[in-house]
Amino acid sequence: MLSVIRSTAFAVVFSLFTAAVSMAQFAINAENMALGGGGTAYLTGFETLFVNPANLHIQEETYYLQISAFQGSVYSEYLLPETDFSVRADQIYSTFLPYKSVDDSHFLNEADRNTILRRNFPGNRRVAAFQSMTDAYWFGLKWKGENRSYAAALRSRVLSKYELGRGYFSEEPVDPGDRQIVDRSFRHQFQSLHEISFGYAESFDFLNGLSPQLSEFIIGIAPKIVIAGSSLDSKYENTYDLNDEIGQWERNYQYSRQSTGTFTGNTPSLFQSEPVHFVDASFSDLMKPAGLGFGLDAGITYLITFGGDLSTVQRDTAPTEQSLRLSLSITDLGAIYQFDQPEEITTEEQQELPDNLPPLTDRSFSGAPFEHLFFLDDQEDSPFTMASDYSSDSFYTMLPTSIQAGALFQINRIKLMGDVKFPIVNHEFASKAPVVNLGTELKPLPFLPIRLGTRIAPHLPGFYSLGIGFEHRFFEIHTALTVKSSTIGPTNEVVGASLAGIKINLP
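Here the residue numbers are simple positions, counted from 1 along each chain's written sequence. In keeping with the model being predicted, local features are shown solely for residues with a pLDDT of at least 70 and side-chain atom pairs are shown and tallied solely at 80 or more, while totals for entire chains, interfaces and linings include all residues. The side-chain quantities take in all heavy atoms of the structure and omit both hydrogens and water.

A. Structural detail: helix H3 (residues 85-95). Classification of residues uses two cut-offs on accessible area relative to the type maximum, computed with a 1.4 Å probe and protein chains only: under 20% is buried, over 50% is exposed, and between them is partly exposed. Only DSSP runs of H or I with at least four residues qualify as helices, and only runs of E with at least two residues qualify as strands; both kinds are numbered from the N terminus onward. For H3, the complete set of buried residues consists of Arg-88, Gln-91, Ile-92 and Thr-95. Down the axis of H3, the buried side of the element spans an arc of 95 degrees, and every buried residue falls inside it. In H3, the exposed residues that point more than 90 degrees away from the buried face are Asp-90 and Tyr-93. Directions are taken from the helix axis to each C-beta atom, and the arc is the one they span.

In structure tokens form, the structure reads like this:
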């Protein structure tokens, strides 16, 4: 009877794991960036507060207290290829700074548009999505209690996500089956979040009684206070359908914008036939508090040790070196009350029969704050000529809630891991569809981890990542670099990098 109960308990956990597999980026740091962006079963430092708090109770090093002062990571996707590292670094840097006036380097020619089509709109893809993000961990602490493990951290994250319709770069319609469509839709979302998190993890004694002694269920929970900076969600639905019966285009279009903070306060007068020339804003304006909320990250890990690994019964003296981990977590469960200069702009859905398609755009787009004003205002079919309704009522927005499932196999100096992420809330920090992350870590020397990883997401640009670290008994440091992938393998186009500040491990 006991064996049946044990088997049933394991089956329940395994079914949760496989169910989530059929199901977005929650955190980036040097270690998980190098592994393709996952980490649900891998991360065990203070960073796992934001990924899977259950892993706080896994001790791969025999320290009592871990302290970290700073970690910084950045990732950015771009319309056009750029292999010059200094130019690419400038592009990434400018993505997070306010776009104040027209930039001549953002103009496109016909060759640029053809490159954009080949690179970002394969097949019949109507809309391409791009994202840029940065994470900064200002401090982090992790320590062991008698029966629990604890952690606290402060981090800031910024994300810019945008979607562009194929019709901005080509007049050739896409045929989805029964219609011919030129899609000139647009959406830009921008958000910054500052988070103070405190969490703990412990063995789940109820389930552990159903499993062998050298395995354990671990649960973790990490509530957090969230302070939101200025936010933007500018959405323009704008499609042209070819009506074969009358031989004419039918246009359907509608615009909406939701903004707070400096996005509201520094927006020039729109919908009044006034061209956009200059925006007066700064990066510090974007970071100032505009909303306040509460969030929760939680997870469960089933840790199975083997081959003489006694870390589950000798936690203070034996590090985990040979194990299989199955993890499931839910992150960013919560909401934000937006109170600083909230504004919602909406227009009615409209239809018309235009004689011709509008000209192709000669302006690129990078996702910088306020850039949407200049890009849309430059189009012949700009939404800023439409009548609109305004509202200044405060509103709530959801955090980018997502579910993650991960597995890791560890044997001495080798780790193999995989993650699947599924977004619950459509948010600028979340992908719209499942994302798979695969990675491996090898240690040719006990103190030298080398990490390799990749991301598989048909709806997003792919990448390969490489990372290296140095691990000493009392401190460690890690770095990572990410390059864009192509159909034939890695390119020399850098899309992300991470440098971790030194982590101090005190026995």
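B. Here's a closer look at the pattern of salt bridges. Whenever Lys or Arg places a side-chain nitrogen within 4 Å of a carboxyl oxygen from Asp or Glu, that contact is recorded as a salt bridge. Here the structure, examined in full by the defined rule, presents 27 salt bridges. In this structure, the salt-bridge partner of Arg-119 is Glu-493, at a minimum N-O distance of 2.6 Å. Within this pair, whereas Arg-119 is found in helix H4 (residues 110-120), its partner Glu-493 is found in strand E21 (residues 489-500), the two being separated by 374 residues in sequence. A salt bridge links Lys-224 to Glu-195, with the nearest nitrogen and oxygen atoms 3.0 Å apart. Taken together, the residues span a long stretch of sequence, with Lys-224 in strand E7 (residues 215-243) and Glu-195 in strand E6 (residues 186-203) at a distance of 29 residues. Judged by relative accessible area, Lys-224 falls into the buried class, the value being 1%. The exposure class assigned to Glu-195 is buried, which follows from its relative accessible area of 0%. Shared partners join several salt bridges into a network, and the residues in it are Glu-31, Glu-47, Glu-60, Arg-325, Lys-415, Glu-441, Lys-443, Arg-451, Glu-471 and Lys-503.

C. Representation of a nonpolar patch on the surface. Each patch is assembled from residues with relative accessible area greater than 30% and no salt bridge, linking like charges that lie within 9 Å and nonpolar side chains (Val, Leu, Ile, Met, Phe, Trp, Tyr) that lie within 5 Å. Computed with the Shrake-Rupley method and a 1.4 Å probe, the accessible areas treat only the protein chains shown as cover for residues. Together, Ile-67, Leu-445, Phe-447, Phe-470, Ile-477, Leu-499, Ile-502, Ile-504 and Leu-506 line one region of the surface with nonpolar side chains, adding up to about 680 Å² of accessible area. Secondary-structure assignment places Leu-445 in strand E17 (residues 435-445).

D. Representation of the confidence of the model for the protein within the structure. Per-residue confidence for the protein averages 85 on the pLDDT scale, and 87% of its residues sit at or above 70. Note that residues 1-25 has pLDDT below 50 and, in this model, 38 contacts with residues that lie over four places away or in other chains. Confidence scores here are pLDDT values: one per residue, from the predictor, ranging 0 to 100. Contacts are assigned to residue pairs that have any heavy atoms within 4.5 Å of one another.

E. Broad picture of the packing of aromatic side chains. Pairing of aromatic side chains requires ring centres within 6.5 Å, counting the rings of Phe and Tyr and the six-membered ring of Trp. Pairs whose planes differ by under 30 degrees are stacked, by over 60 edge-to-face, and all others tilted. Using the criterion set out here, one finds 26 aromatic pairs in the structure. Measuring from ring centre to ring centre gives 5.2 Å for Tyr-168 and Phe-375, while their planes differ by 65 degrees; the resulting arrangement is edge-to-face. Placement of the pair is Tyr-168 in the loop between strand E4 (148-165) and strand E5 (181-183) and Phe-375 in helix H8 (residues 371-377), with a sequence separation of 207 residues. Among the residues examined, Tyr-168 registers a relative accessible area of 0% and is labelled buried.

F. Spatial organisation of unusual backbone geometry. Unlike most non-glycine residues, Asp-332 shows phi in positive territory, near 55 degrees. With respect to the helices and strands, Asp-332 occurs in strand E10 (residues 322-338). Phi at Asn-412 takes a positive value of approximately 55 degrees, unusual for a residue other than glycine. With respect to the helices and strands, the residue Asn-412 is situated in the loop between strand E15 (402-411) and strand E16 (414-423). Overall, Asn-412 belongs to the partly exposed group, its relative accessible area being 48%.

G. Focus on the side chain of His-372. Among the structural elements, His-372 can be located in helix H8. Residue classification places His-372 among the buried positions, given a relative accessible area of 2%.

H. Spotlight on the pairing of strand E22 (residues 503-506). Covered by surrounding structure in E22 are Lys-503 and Asn-505 only, the residues Ile-504 and Leu-506 on the alternate face being uncovered. Of the strand pairs in this sheet, strand E1 (residues 65-68) and E22 are connected by four bridges, and their pairing is antiparallel. Residue Leu-65 lies in a different strand from E22, and its bridge partner there is Leu-506. By this definition, two strands are paired if DSSP reports at least two bridges between them. Strand direction decides the pairing type here: strand E20 (residues 475-486) and E22, joined by two bridges, are antiparallel. Its bridge partner being in E22, Phe-475 is matched across the sheet by Ile-504.

I. Seen up close, the nonpolar core. Only buried residues count toward a nonpolar core. Its members are Ala, Val, Leu, Ile, Met, Phe, Trp, Tyr and Cys residues joined through side-chain atoms within 4.5 Å. The biggest cluster of nonpolar side chains holds 37 residues, and the ones touching the most others in it are Leu-79, Leu-164, Phe-169, Phe-186 and Leu-376. At the level of elements, H4, strand E3 (127-144), E4, E6, E7, strand E8 (248-259), helix H7 (283-287) and H8 are the ones that each hand at least two residues to this core. Take this core: its biggest share by element is four residues, from H8. If you look at the next biggest cluster of nonpolar residues, it comprises 21 residues, including Leu-35, Phe-50, Ala-54 and Ala-151.

J. Representation of the environment of Gly-462 within the structure. Structurally, Gly-462 is set in the loop between strand E18 (448-456) and strand E19 (463-471). What makes Gly-462 buried here is its relative accessible area of 19%. Considered as a pair, Gly-462 and Lys-484 are 22 residues apart in the sequence and their alpha carbons are 6.1 Å apart. Here Gly-462 is in contact with Arg-455, Lys-484 and Ser-485, once residues within four sequence places are set aside.

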